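Breakdown of the fold
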Amino acid sequence: MKIKVQYAMVLNLDKCIGCHTCSIPCKNVWTNREGAEYMWFNNVESKPGIGYPKKWENQQIYRGGWTQKGKKLKLAAGGRIHKGINIFHNPDLPVIDDYYEPWDYDYGHLIHSPEKSHQPGIRSRSSLTGEPMDVKWGPNWEDDLAGLTETGAGDVNFKGLDFETYLQFETLFMFWLPRLCEHCLNPACVASCPSGALYKRDEDGIVLVDQERCRGWRYCVSGCPYKKVYFNWKRGRAEKCILCYPRVEAGQPTLCAHSCVGRIRYMGVLLYDADRIAKAAKTPRDKDVYPAHLEILLDPNDPETVRAAEAQGIAPNVIATARHSPVYALIKQWRLALPLHPEYRTLPMVWYIPPLSPISRRVADTAELSQTVDNLRIPITYLANLLTAGDEGPVRLALERLAALRHFMRMERVEQRTDTQGLDAAGLSDQDAHKIYHLLAPAPLADRFVIPTAPEPEANTFLSQGNCGLEGA
Ligand code: SF4
Ligand code: SF4
């Protein structure tokens, strides 16, 4: 058993209000530079929709991630030899129009316009060419289902469903999906790089690009199935989310998590067994990758795990924070959070609690609990295609637990009585319910973000220098 530490994040989609606040500080700090205008390390997509870049989930187009061939795991787009032979031709890259052509406005015209009988107009101008342009797509073009009739059929999560059915007012559904780099346990971006410029930090699993080694081949861009590596056209280098490591090392949450208005984000560390990664990623059936992924994560309260972690040199403060990790509880203990597209086999470490659509009916017994979940507005099949490679069981379990929790707390708070029937049916105790409620509803910052600090003096060096983004890199 080779114990490693990994930062992970959980996002509660039930509470995301689609305000995009998370994207703004990230943009201001990390991608507010020439060559990075089109990059959003954190973006928020409306679902259903084809997202940013367009159709990123369609691996028939982009061939990102890994595929299982016989007993071997291979990069979907081919290994290093294949890349070496075709190094000057990568047909799997998204182009700028798949993201969007970034634009600005000709503000000078407003300020310097001579006196006229009407208000001066303002034109959009390409940030790439400086020429006037008509805006036809953006990173958030589909916000709140805008254009769903045009693009929605391209959403791969409708697999097994009739898309047209969900265009009716009575059946239409929507939720928001905030996205960032998954800091995967088996990152396809790292394996795709011909220069060895991408690496996964040994101490905490953050995936980074070595700016000195990057030669701009862009195989990481196509290799990442989540399309979370970007090419800076000005600097000729790949750039990606760094999980705000200068902040995290100082014990602070990432900017996207800290700024989240809906308080939907949780951060913590997980202990995992690196020796189990290959086996999990090679699990024959796509649907079995998620359970195999869970098996990699170790119980931080298990004395044997703690002894082994100490013997392998993991710092006591890291083990202590792993014990109080909200992400471990949400992912493994209560099975409420699920991975995004586990079938890509990168073993992603940003997890999502599926959204529980509005419920007006009471949840009283086992039969009614499963009926409630079946009658939710968002089809379980859609969520399963998004989060569990089409396996509806884990999604159903998470939703039943959330529905039972809602009923239990409502009975306790509104009717002042204890009714554990729903909890019993969902396999939760009332102590569990109170802990989950505390975490999902009013949790203070210290319970949502349980982050160990790096040893002094490294922890505060970067922040105290007032460094911003990749300036000077
Ligand atoms: S999500 Fe992040 S770590 Fe995973 S493959 Fe993409 S860029 Fe690499
Ligand atoms: S800030 Fe939070 S609530 Fe707002 S869009 Fe981002 S994740 Fe959702």
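For clarity, every value in this text was computed on a predicted model and none was experimentally measured.

**So, the pairing of strand β3 (residues 66-69)**
Relative to strand β4 (residues 72-75), β3 runs antiparallel, the two sharing four bridges. When the bridges of β4 are listed, Lys69 appears paired with Lys72. Hairpin connection from β3 to β4: two residues lie between these consecutive antiparallel strands, with Gly70 at a positive phi of about 60°.

**Points about the site of ligand 2**
Residues in close proximity to ligand 2 total 14 residues, the closest being Cys16, Cys19, His20, Cys22 and Cys260. Residues of the shell around ligand 2, tallied by class, amount to nine nonpolar, four polar and one charged.

**Some details on the layout of surface pockets**
The probe, sized like a water molecule, is rolled over the atoms to show the empty space still left. In this structure, the largest pocket encloses a volume near 560 Å³. Lining the largest pocket are 21 residues, and of these Glu57, Lys159, Asp286, Glu343 and Tyr344 lie nearest its centre. Residue assignment for the lining of the largest pocket shows that the elements contributing at least two residues are α2 (59-62) and β3. By residue number, the principal contributor to the lining of the largest pocket is β3, which donates three residues. Along the lines of polarity and charge, the residues of the lining of the largest pocket split into five nonpolar, ten polar and six charged. Both domains that furnish three or more residues to the lining of the largest pocket are identified here as domain 1 (1-100 + 141-353) and domain 2 (356-442). The volume enclosed by the second largest pocket comes to roughly 470 Å³. Taken together, 23 residues form the lining of the second largest pocket, with Val5, Glu203, Asp204, Ala315 and Val318 sitting closest to its centre.

**Things to note about the environment of Leu11**
Of note, Leu11 is situated in strand β1 (residues 3-12). We classify Leu11 as buried; its relative accessible area is 0%. With 339 residues separating them along the chain, Leu11 and Val350 place their C-alpha atoms 7.6 Å apart.

**Description of unusual backbone geometry**
Cis peptide bonds are those with omega within 30 degrees of zero, and the linkage from Lys47 to Pro48 qualifies with 0°. Examined against the element boundaries, Pro48 turns out to sit in the loop between β2 (43-47) and α2. Despite not being glycine, His183 shows a phi value in the positive range, around 45°.

**Some words on helix α20 (residues 430-440)**
Looking at α20, one finds that the buried residues are Asp432, Ala433, Ile436, Leu439 and Leu440. For α20, the angular spread of buried residues about the axis comes to 130°, placing them on one side.

**A few points about the domain arrangement of the chain**
By the assigned domains, the chain splits into domain 1 (1-100 + 141-353) and domain 2 (356-442). Computed over C-alpha atoms, the centres of domain 1 and domain 2 are 26 Å apart. On the side of domain 2, 29 residues touch domain 1, which itself brings 40 residues to the contact. Interface area for domain 1 against domain 2, summed over the two sides, is near 2,800 Å², with a carbon-plus-sulfur share of 65%. Residue Arg406 is joined to Asp14 by a salt bridge in which the shortest nitrogen-to-oxygen separation is 3.4 Å. Where domain 1 meets domain 2, there are 13 residue pairs in polar contact (both at pLDDT 80 or more). Among the secondary structure elements, those contributing two or more residues to the side of domain 1 that touches domain 2 are β7 (175-179), α15 (326-333), β13 (338-339) and β14 (350-353). Here the side of domain 1 that touches domain 2 takes three residues from α15, the largest share from any one element.

**Comments concerning the packing of aromatic side chains**
Counted by the stated rule, this structure contains 21 aromatic pairs. Pairing Tyr100 with Trp103 gives two aromatic rings, centres 5.9 Å apart and planes at 85°, and the pair type is edge-to-face. The exposure class of Tyr100 is buried, given its relative accessible area of 6%. For Trp103, a relative accessible area of 25% translates into the label partly exposed. Three or more aromatic residues link up through ring pairs in this structure, and these residues are Tyr38, Phe41, Tyr52, Tyr99, Tyr100, Trp103 and Tyr230. Over the ring of Trp40 we find Lys27, and its NZ or CZ is 4.9 Å from the ring centre. In this structure, Arg179 is placed above the aromatic ring of Trp56, and the distance from its NZ or CZ to the ring centre is 3.6 Å.

Scoring rules and cut-offs
Residues numbered from 1 in each chain as written. Chains lettered and ligands numbered in written order. Predicted model: local features only at pLDDT ≥ 70, side-chain atom pairs only at ≥ 80, totals over all residues. Heavy atoms only, no water. Pairing = 2+ DSSP bridges. Helix = DSSP H or I, 4+ residues; strand = E, 2+ residues; numbered from the N terminus. Near = heavy atom within 4 Å. Nonpolar A, V, L, I, M, F, W, Y, C, P; charged D, E, K, R; others polar. 1 Å grid on protein atoms, 1.4 Å probe; cavity = no way out; pocket = protein on both sides within 12 Å on 5 of 7 lines; lining within 4 Å. Points joined across faces, edges and corners; volume = space filled by probe spheres on them. Domains from an automatic or database assignment. Buried < 20%, exposed > 50% of the residue type's maximum accessible area, 1.4 Å probe, protein only. Arc of directions from axis to C-beta. Contact = heavy atoms within 4.5 Å. Buried area = accessible area lost by both parts, 1.4 Å probe. Salt bridge = Lys/Arg side-chain N within 4 Å of Asp/Glu carboxyl O. Polar contact = N/O pair within 3.5 Å; in protein donor to acceptor, adjacent residues only side chain to side chain. Phe/Tyr/Trp six-rings, centres within 6.5 Å; stacked < 30°, edge-to-face > 60°. Lys NZ or Arg CZ within 6 Å of the ring centre and 35° of its normal.

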